[in-house]
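# Summary of the model geometry
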Amino acid sequence: MSEDMQQVLALLAGYWQNKRVLLKATPSGMLCVTSPQVKDIYHVTANDDNYAYQGENIGCSEVMVIAHPDNTGRIWVKAHALALTTNSIPLDKKELFSFTITNLNMLNLLIATDTEKAIVIYTQ
């Protein structure tokens, strides 16, 4: 196999479960990508106004936070630091935000109103 062909194959390969696998592309050359499989879904319920939440020590690759459809107040989402209204992404009911983190303990929420909920979906 020629050197240039080896370089092309190296660019078209990735690692999964400690094995080199070929990446798939459409006939037009667009790389096919998907999100990882969902590991778990859970609800975070505020037990006070301005309830602060930090995720547990669980490895993950992506997280999605959805403001519960019955909420009347806002949820604030922040990675790597305490969520405040001045430094976070605001979510009103039914809105969602997703991002990449390596551990759920990097997820911080501020739920403005007592008894309201955030829905957390994470992948591993």
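Before reading further, recall that the structure is shown in the block above.
The text that follows walks through the structure, step by step, so that each part is easy to find.

Conventions and cut-offs
Residues numbered from 1 in each chain as written. Predicted model: local features only at pLDDT ≥ 70, side-chain atom pairs only at ≥ 80, totals over all residues. Heavy atoms only, no water. Pairing = 2+ DSSP bridges. Helix = DSSP H or I, 4+ residues; strand = E, 2+ residues; numbered from the N terminus. Axes fitted to C-alpha atoms, helices over the stretch in contact; angles between N-to-C directions.

### Focus on the sheet that holds strand β4 (residues 51-54)
The strand order across the open sheet formed by 4 strands is β4-β9-β6-β7, and the pairing between neighbours is antiparallel. Both edges of this open sheet fall to β4 and β7 (89-91), since each of them pairs with a single strand only. Within the sheet, the average angular offset between the axes of one strand and its neighbour, ignoring direction, is 20°. Taken together, the 5 bridges between strand β6 (residues 75-79) and strand β9 (residues 107-111) define a ladder with antiparallel strand orientation.

### Examining the sheet that holds strand β5 (residues 62-67)
Paired through their backbone hydrogen bonds, the strands of a sheet run either parallel or antiparallel. Pairing within the open sheet is antiparallel, and its 4 strands lie in the order β3-β10-β5-β8. Unpaired on one side and paired on the other, β3 (38-45) and β8 (96-100) mark the two borders of the sheet. Across the sheet, the axes of successive neighbouring strands diverge by a mean angle of 15°, strand direction being ignored. Pairing of β3 with strand β10 (residues 117-123) involves 7 bridges; the strand directions are antiparallel. If you follow threonine 45 over to β10, its bridge partner there is lysine 117.

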